[in-house]
Amino acid sequence: MSYETAKAAFAEWGVDTDAALDRLKTIPISMHCWQGDDVVGFEQKSGSSGGGIQATGNHPGRARTPDELRADLEFAYAMIPGKHRLNLHAMYLDTNENPDRDEIEYRHFAPWIDWAKGQGIGLDFNPTFFAHAKADDNLTLSHPDQGIRDFWIEHGKRSRDISARMGAALGTACVNNIWVPDGYKDTPIDRMSARARLEGSLDAMLAAPQDKAQMLDAVESKLFGIGVEACTVGSHEFYMGYAIRKGTLLCLDMGHFHPTENVADKLSSVALSLDEILLHVSRPMRWDSDHVILLNDDILQMAQELVSADLLDRTHIGLDFFDATISRTAAWVIGTRNMQKALLRALLMPLDALKTAETALDYTTRLTVTEEFKDMPFGAIWNEFARREDVPDGQALLKELEHYQKSVSGRN
Ligand code: RNT
Ligand code: ZN
């Protein structure tokens, strides 16, 4: 279907497709560096991610160096309409030095900042509280040993300083997201002390004020992880309370709740108590499995809430998935485009008319319209977006993805 025909179909419902495309273009997605190398990072040590997270699969083409990762990212960005961001983890430093986590400095990330400047993209950041000998017990900021806590507090402080300098250098606030794996495989006796220690460590880490124009603190909760089935110290309630009391962002990861919970439903609730929100858009399958996000109901509902509740300006959309059984670059491209497609569908809904029907308790109209809209030609509007943004679609996209994958498949 031509764009003009599709545009007319939406116009009949009072929806302006050009306005939707203009808006979509301005929504940055923070693409996570760790999809490119199975959450391994570039520290001078071997080892896997730990902390209850795991990429499975050994598809050829894993980025082994920062240069390879940047090349892969450049390709992925070229396949994705619009301008986006990169979400870096501290263990992706780019340096010949070998600093421990409590020794990292801005200069260890300088090549990333230069590259981001050249690409015209913003950076986000994460301290890495896993894949390290001092995190082997799955206890970091809540560890009973003050020395271990201090080590991780120092890592967190340095990450905040690095984030602030990244934000200043790039002219866009860097979201520094704190996720720790802390928890217990079996039922703990003293949850309270563990949570009090986590709170104390966070307070110490976040004590130094930072300019919000340069960096924003975020905290990420979790229900459970592999190896920490009985109790996660940084639970949802823990961090929700913490974020509200301390004025940080709250990160909602879609894989970090009970499987039947609707994470989209949480947005409006937390938004009444928080200034800003961070999302880790992900797809759990039976557990926090971090599958590549699909254009499924969960994502569509998330996007619709962002638009309907007018939360786009105070929500930072980050992605969090890692699949090593398929082309890693294709995973980035498909997942990021799906987030955009979900946002586009939300922007193309006749939300005012639906809200009017709902306020009038006319749920019949609400259901009729939302179901009729499932047959609307969203695809033609997306195709137009890709055309305007000069990125391939359909078979041309498939070809590009295959071609690039072939070019990296010799890496081993
Ligand atoms: C883990 C969290 C966390 C990580 C990244 C790598 O369950 O979701 O966000 O995936 O920090
Ligand atoms: Zn996450």
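Here, every reference points to the structure presented above.
The following refers to the structure shown. As the structure is a prediction and not an experimental result, all values here were calculated from the model.

**Let's talk about the packing of aromatic side chains**
Moving on, step 1. Within this structure, the stated rule accounts for 15 aromatic pairs.
Moving on, step 2. Ring geometry for Trp-112 versus Trp-115: centroids 5.8 Å apart, planes at 85 degrees, classification edge-to-face. One end of the pair, Trp-112, and the other, Trp-115, are both in helix H4 (residues 110–119), three residues apart, so they sit about a helical turn from each other.
Moving on, step 3. Owing to a relative accessible area of 0%, Trp-112 belongs among the buried residues under this scheme.

**Observations concerning the site of ligand 1**
Moving on, step 1. The environment of ligand 1 is made up of 13 residues, and the closest members are His-89, Glu-220, Lys-222, Asp-253 and Asp-320.
Moving on, step 2. Interatomic distance of 2.8 Å between a side-chain N/O atom of Glu-220 and an oxygen atom of ligand 1.
Moving on, step 3. Between ligand 1 and Lys-222, the relevant distance is 2.7 Å, taken from an oxygen atom to a side-chain nitrogen or oxygen of the residue.
Moving on, step 4. Considered on its own, ligand 1 offers 310 Å² of accessible surface; in the complex 99% of this is hidden by protein.
Moving on, step 5. Tallied by class, the residues present in the shell around ligand 1 amount to five nonpolar, three polar and five charged.

**What to know about the pattern of salt bridges**
Moving on, step 1. For the coordinates displayed, the defined rule picks out 26 salt bridges.
Moving on, step 2. A salt bridge links Arg-70 to Asp-94; its shortest N-O distance comes to 2.6 Å. Of this pair, Arg-70 sits in helix H3 (residues 66–78) while Asp-94 sits in the loop between strand S2 (85–89) and H4, and the two are 24 residues apart along the sequence. For the pair shown, Arg-70 and Asp-94 are each scored as buried.
Moving on, step 3. Of the charged contacts, one joins Asp-72 and Arg-411 as a salt bridge, the two residues approaching to 2.8 Å between their closest N and O atoms. Pair noted here: Asp-72 is in helix H3 and Arg-411 is in the segment after helix H14 (394–408), with a separation of 339 residues, a long-range link. With respect to class, Asp-72 is no different from Arg-411; both count as buried.

**Looking at the coordination of the zinc ion (ligand 2)**
Moving on, step 1. Looking at the metal site, the zinc ion (ligand 2) is ligated by Glu-220 (OE), Asp-253 (OD), His-280 (ND1) and Asp-320 (OD), spaced 2.1 to 2.2 Å from it.
Moving on, step 2. Classification of the site at the zinc ion (ligand 2) as octahedral follows from its six donor atoms and the range of 71 to 167 degrees in their angles at the metal.
Moving on, step 3. Mapped onto the sequence, the residues coordinating the zinc ion (ligand 2) show the spacing E-x32-D-x26-H-x39-D. In this pair, His-280 is assigned in strand S9 (residues 277–281) and Asp-320 in the loop between strand S12 (315–319) and helix H10 (328–347), connecting sequence segments 40 residues apart. There is no split in this pair, since His-280 and Asp-320 are both buried.

Procedures and definitions
- Residues numbered from 1 in each chain as written.
- Chains lettered and ligands numbered in written order.
- Predicted model: local features only at pLDDT ≥ 70, side-chain atom pairs only at ≥ 80, totals over all residues.
- Heavy atoms only, no water.
- Phe/Tyr/Trp six-rings, centres within 6.5 Å; stacked < 30°, edge-to-face > 60°.
- Helix = DSSP H or I, 4+ residues; strand = E, 2+ residues; numbered from the N terminus.
- Buried < 20%, exposed > 50% of the residue type's maximum accessible area, 1.4 Å probe, protein only.
- Near = heavy atom within 4 Å.
- Polar contact = N/O pair within 3.5 Å; in protein donor to acceptor, adjacent residues only side chain to side chain.
- Areas by Shrake-Rupley, 256 points an atom, 1.4 Å probe, with all protein chains shown as cover.
- Nonpolar A, V, L, I, M, F, W, Y, C, P; charged D, E, K, R; others polar.
- Salt bridge = Lys/Arg side-chain N within 4 Å of Asp/Glu carboxyl O.
- Donors = N, O, S within 2.8 Å, 3.2 Å for Na, K, Ca; no water.
- Tetrahedral: all angles 85-135°; square planar, octahedral: opposite > 155°, others 65-115°.

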